[in-house]
Amino acid sequence: MKWNSIRTKVLAAMATCLVLGVGGIVALMHYSFARNSQALGAESVTGAQKLFTILEARETSKMAAVSETLMMNPQVRDAFAAKDRNRVLELTSPLYPKLKSEGITNWMFHTPEPDMVVFLRLHNPAKFGDHLNRFMDREVVRSHAMVIGNELAKAGFAVRILRPFYDSKGQVTGYVELGEEIGQFIHTMKNQTGDDYGLLLSKKFVDRKFWADSSAVWKRRDNWDDNANYVVADKTTSSDAIIQFQGELTAVPADGKVLEYFRDGNSVLVRGIFPIHDAAGNTVGAMFVVRDISATYVAMRHTQNVLVLLTTVALTLGIVMVLTLLTRLVFRRLEHIIVVATRVVGGDYETEIRVSSDDEVGQFEQLFEQFRRVFVDLLAHVPEFQEKPELQEK
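So, here is what we can say about the structure in this document. (Residues numbered from 1 in each chain as written. Predicted model: local features only at pLDDT ≥ 70, side-chain atom pairs only at ≥ 80, totals over all residues. Heavy atoms only, no water.)

## Overview of the sheet that holds strand E3 (residues 147–152)
So, point 1. The sheet built from five strands is open, its strands ordered E2-E1-E5-E4-E3 with antiparallel pairing. Each of the sheet's edge strands pairs with one partner strand only, and the pair in question is strand E2 (118–121) and E3. Taken over all neighbouring pairs, the strand axes of this sheet differ in orientation by 25° on average, direction set aside.
So, point 2. Where strand E1 (residues 106–110) lies against E2, three bridges are found, and the strand directions are antiparallel. Note that in E2 the partner of phenylalanine 109 across the bridge is leucine 120.
So, point 3. Packed on one face of the sheet, helix H3 (residues 85–92) meets E1 and E2 and runs near 35° to E2. (Pairing = 2+ DSSP bridges. Helix = DSSP H or I, 4+ residues; strand = E, 2+ residues; numbered from the N terminus. Axes fitted to C-alpha atoms, helices over the stretch in contact; angles between N-to-C directions. Contact = heavy atoms within 4.5 Å.)

Below is the structure:
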C-alpha cells in the first residue's frame, strides 16, 4: 500500500474518525458519570440533612415529653425542691436504663441561679457540683422557658433540652436536662439509607485532655492527631480512608456540598458534607456522608463498552463499505485509465478506454478516450509532415 495514494489517505481519515468516535463516546460517558455522581452525592447530602433534622426533632420531642412527665411526679418534684439528692436518685434511677435504651444518654438536674451547678447526673451520680455556663444554661435562665439545641461539651456532642423545674407553688427550683449523643444518630441514619456517615467535630470546641481521657474510658483509639482541624467523633464504617476532608468546617455551605467521587478497593463512592450548628449558631461540627455508587459505575462501564463495541463495528463496516465503493467506482476505473495511458505511451494505440458510466469518472473516461483518439490520429499524420518539406516550412 502506497502511503501517498488516495486509498491510503481515505483509510487514514476513516481510521481517525473511528478513533475520534470511540474517544468521544468514552469522554461523553465519563462526563455523564461525573454528572450522575454529582447528582447522587447532592441527593445523599440533602437526604441526610433532612433525615438528621427529622431525627433531631423526634428525639427532642421525646425528651420534652419525658421532662414533662417528671415534673408531673409530685415525689420527684418535692425531693428536688428539698434538694434531697439521694431521694431524687432513688426515685429516678430505675427509669434511667429504659431511657438509655431509647437513646437518652444524659440526664441531669441543676440548681437554680445564681449558682447553677450540677445537682445530679443520673448517668454519673458520683460527679456533681460543677458550675454551668454554657449558652443553653444562660438562655434557660434568661427566658425561664424550655431551650432546645445541639451543644458540644468537652468531648461529646449532644442534642439537649433544658427546662425549668417547678415546685408545688409554681416557683423555679432548678432545671432538668436531657440529652442524646448525636453520634447515635448516624447509626440510625445508616440503617435507613444504607449510606455511611461520620461525625466530625472542630478542634476549636473540643478539649484535648478531655478527649484523650474519654478515649481511654471508652477504650477507643485516640484519633486527635489524624486530622489538623477536626476529630472524628463517630462513624458507621471501619474504614478511615473514606472520611477525608481538607479545610475548615466553618467554610462548609449551610446546605452542604458534594466533595468528589473516588475509589476504595473495588468500590466507587461519592462523598459530601453538611455543617452542624450548636444552639448558639456556631458551626461546631459537620456530618460526613459517603454513598456507594458502584452499581451506577458498573452500569456506566457496561453501557460504555456496548457503545464502543457497536461504534467500532459500525464504523469498521462503514469503512469497508466506503472503500469497496471507492474501489469499484473510482480506483479500479482510474487504474484502467492509467493502464491504457501507459500502453499508448508504449506504442499500443489500439486499446480503448471503456466508458462504464456517466458519472464524474465516466466523464473523465470519455474525455480521456477522446484525447487518446486525437493523439493517435495526430501520430498517424506525422509521416506526411516529414515527406512534405513545404508543409514543414509553412
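## Things to note about the nonpolar core
So, point 1. With 44 residues, the main nonpolar core has Trp107, Phe109 and Met287 as its most contacted residues.
So, point 2. The element best represented in this core is helix H1 (residues 6–71), accounting for nine residues.
So, point 3. Ranked by size, the runner-up nonpolar core spans 14 residues in total, among them Tyr230, Val232, Val252 and Phe262. (Core = buried A, V, L, I, M, F, W, Y, C linked by side-chain atoms within 4.5 Å. Buried < 20%, exposed > 50% of the residue type's maximum accessible area, 1.4 Å probe, protein only.)

## Quick word on the pairing of E1
So, point 1. A large share of E1 lies buried, amounting to five of its five residues.
So, point 2. Judged by which residues are buried, E1 turns out to be covered on both faces: Asn106, Met108 and His110 on one side and Trp107 and Phe109 on the other are all buried.
So, point 3. Two strands pair when backbone bridges link them, and E1 and strand E5 (residues 172–181) are joined in this way by five bridges, in the antiparallel orientation. Paired with histidine 110 across the strands is tyrosine 175, a residue of E5.

## Some details on the packing of helix H2 (residues 74–81) against H3
So, point 1. Where H2 contacts H3, the two axes come as close as 8 Å, and the packing angle between them is 155°. With respect to each other, H2 and H3 are oriented roughly antiparallel. Seen along the crossing, H2 lies across H3 with a hand that is left-handed. In contact with Gln75, Val76, Ala79 and Phe80 of H2, H3 contributes Arg87, Val88, Leu91 and Thr92. (Parallel < 35°, antiparallel > 145°, perpendicular 65-115°, else oblique. Left-handed = near helix turned anticlockwise from the far one by under 90°.)

## Topic: the sheet that holds strand E8 (residues 257–264)
So, point 1. Pairing in this open sheet of five strands is antiparallel, and the strands run E7-E6-E10-E9-E8 from one edge to the other. Whereas interior strands pair on both sides, the edge strands pair on one side only; in this sheet they are strand E7 (230–235) and E8. Here the average twist between neighbouring strands, direction ignored, is 25°.
So, point 2. In this sheet, strand E10 (residues 283–292) lies alongside strand E9 (residues 267–277) in antiparallel orientation, the contact comprising nine bridges.

## Here we look at helix H7 (residues 208–217)
The α-helix advances 3.6 residues per turn, and as a result positions three or four apart in sequence lie on the same side.
So, point 1. Buried within H7 we find Trp211, Ser214 and Ser215. All buried residues of H7 lie within an arc of 105° about the axis, which places them on one face of the element. Away from the buried face of H7 by more than 90 degrees, exposed residues Lys209, Ala216 and Val217 are located.
So, point 2. Close packing links the buried residues of H7 with strand E6 (196–202) and E7.
So, point 3. Put simply, aspartate 207 is the residue that caps the front of H7, since its side-chain oxygen is 3.2 Å from the backbone nitrogen of lysine 209.
So, point 4. Looking one or two places after H7, you find lysine 219, whose phi comes out positive at around 55°. (Arc of directions from axis to C-beta. Polar contact = N/O pair within 3.5 Å; in protein donor to acceptor, adjacent residues only side chain to side chain.)

## Considerations on the packing of helix H8 (residues 294–345) against helix H9 (residues 360–380)
Two quantities define a packed helix pair, namely the angle between the helix axes and the distance between the axes.
So, point 1. Taken N-terminus to C-terminus, the directions of H8 and H9 make an angle of 5°; their axes are 11 Å apart at the nearest point. Here H8 is positioned roughly parallel relative to H9, judged by the angle of their axes. Across the interface between the two elements, Leu329, Val330, Arg333, Leu334, Ile337, Val340, Ala341 and Val344 from H8 touch Val361, Gly362, Phe364, Glu365, Phe368, Arg372 and Phe375 from H9.
So, point 2. Here the contact of H8 with H9 is built from residues that sort into eleven nonpolar, one polar and three charged. (Nonpolar A, V, L, I, M, F, W, Y, C, P; charged D, E, K, R; others polar.)

## A closer look at the side chain of glutamate 180
So, point 1. Tracing the backbone through its elements, the reader meets glutamate 180 in strand E5.
So, point 2. Lysine 62 provides the closest opposite charge to the buried, unpaired glutamate 180, separated from it by 4.4 Å.
So, point 3. Not counting residues up to four positions away in its chain, the partners in contact with glutamate 180 are Glu59, Lys62, Met63, Glu102, Gly103, Ile104, Thr105, Phe157, Ala158, Val159 and Phe185. (Lys, Arg positive; Asp, Glu negative; His and termini not counted. Salt bridge = Lys/Arg side-chain N within 4 Å of Asp/Glu carboxyl O.)

Remember that the coordinates give geometry; whether it matters functionally is a separate question.
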